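Structural description and commentary
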Amino acid sequence: MRIAEFLSPQAVIADMQSRTKPEVLRELSATLVRAHPQLSSDRLVEVLREREKLGSTGIGEGVAIPHGKLPGMSQLQAAFGVSRAGVDFEAIDGKPTQLFFALVAPENSAGVHLKALARISRLFKNPRFRAAILEAPTAADIHALIVQEDARP
């Protein structure tokens, strides 16, 4: 599985405007809906909020992977956003979060969902890659960097 299979270039935000955790979830959901109009923004926000209630998906090092499962979806979908200013996302290291990878999976897709989470997590462990994403000026550049990094063995 490659990230390009579930992250479309239209679902990337180069400069998020959100300043709070709820705003981040809304902005990522709205971006997913623009790329996939069959989805409901309100329902996506609700699914992501419910998961956050279990514990923050801010994994540290400036990265968060809000995720959830949505009934009626046929395949995994994602949105990615960069917050230049950083947002308090209640990350495990207590630092502001700048890189947000929202992942929404079909309801009965535990294996695919977990593989995608692991792949994203592994990718964003690389400090040089995180720095390159933060320096990329456009959504197209960010998407290209993610696809390129994900294609490495």
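The text that follows walks through the structure, step by step, so that each part is easy to find. (Residues numbered from 1 in each chain as written. Predicted model: local features only at pLDDT ≥ 70, side-chain atom pairs only at ≥ 80, totals over all residues. Heavy atoms only, no water.)

What follows is about the packing of aromatic side chains. A complete count under the given rule lists 5 aromatic pairs for this structure. Among the aromatic side chains, those forming a connected cluster through ring pairs are Phe 80, Phe 101, Phe 124 and Phe 129. We note Lys 21 situated over the ring of Phe 89; from NZ or CZ to the ring centre the distance is 4.8 Å. (Phe/Tyr/Trp six-rings, centres within 6.5 Å; stacked < 30°, edge-to-face > 60°. Lys NZ or Arg CZ within 6 Å of the ring centre and 35° of its normal.)

Mapped onto the elements of the fold, Glu 27 is located in helix α1 (residues 21–35). Comment: no salt bridge for buried Glu 27; closest opposite-charge side chain is Arg 34, at 6.4 Å. Beyond its immediate sequence surroundings of up to four residues, Glu 27 is in contact with Ile 13, Asp 15, Met 16, Gln 17 and Ser 18. (Helix = DSSP H or I, 4+ residues; strand = E, 2+ residues; numbered from the N terminus. Buried < 20%, exposed > 50% of the residue type's maximum accessible area, 1.4 Å probe, protein only. Lys, Arg positive; Asp, Glu negative; His and termini not counted. Salt bridge = Lys/Arg side-chain N within 4 Å of Asp/Glu carboxyl O. Contact = heavy atoms within 4.5 Å.)

We now examine the environment of Gly 62. Note that Gly 62 resides in the loop between β2 (58–60) and β3 (63–64). In this structure, the C-alpha to C-alpha distance between Gly 62 and Gln 98, residues 36 residues apart in sequence, is 5.2 Å. Every residue in contact with Gly 62, bar those within four places of it in the chain, is listed here: Asp 93, Pro 96, Thr 97, Gln 98 and Leu 99.

This part covers the environment of His 36. Position of His 36 among the secondary structure elements: in the loop between α1 and α2 (41–54). Given the relative accessible area of 12%, His 36 is considered buried. Residues His 36 and Ala 14, spaced 22 residues apart in sequence, show a C-alpha to C-alpha distance of 18 Å. Not counting the four nearest positions on each side in its chain, His 36 is found in contact with Ser 8 and Gln 77. Of note is the side chain of His 36, whose polar atom sits 2.7 Å from the side chain of Gln 77. (Polar contact = N/O pair within 3.5 Å; in protein donor to acceptor, adjacent residues only side chain to side chain.)

To continue, consider the nonpolar core. Ranked by size, the top nonpolar core spans 46 residues in total, and within it Phe 6, Leu 7, Phe 80, Phe 101, Phe 124, Ile 142 and Ile 146 carry the most contacts. Each residue touching Phe 6, except ones within four places of it in the same chain, is listed here: Met 1, Leu 76, Gln 77, Ala 78, Phe 101, Leu 103, Ala 116 and Ile 120. (Core = buried A, V, L, I, M, F, W, Y, C linked by side-chain atoms within 4.5 Å.)

Tracing the backbone shows Glu 52 in helix α2. Overall, Glu 52 belongs to the buried group, its relative accessible area being 10%.

Quick look at the packing of helix α3 (residues 110–123) against helix α5 (residues 139–150) now. Viewed as axis vectors pointing N to C, α3 and α5 meet at an angle of 100°, and their least axial separation amounts to 11 Å. In terms of their interaxial angle, α3 and α5 are classed as roughly perpendicular. Here Arg 119, Arg 122 and Leu 123 of α3 lie close against α5, whose contacting residues are Ile 146, Glu 149 and Asp 150. Here the residues of the contact of α3 with α5 sort into 2 nonpolar, no polar and 4 charged. (Axes fitted to C-alpha atoms, helices over the stretch in contact; angles between N-to-C directions. Parallel < 35°, antiparallel > 145°, perpendicular 65-115°, else oblique. Nonpolar A, V, L, I, M, F, W, Y, C, P; charged D, E, K, R; others polar.)

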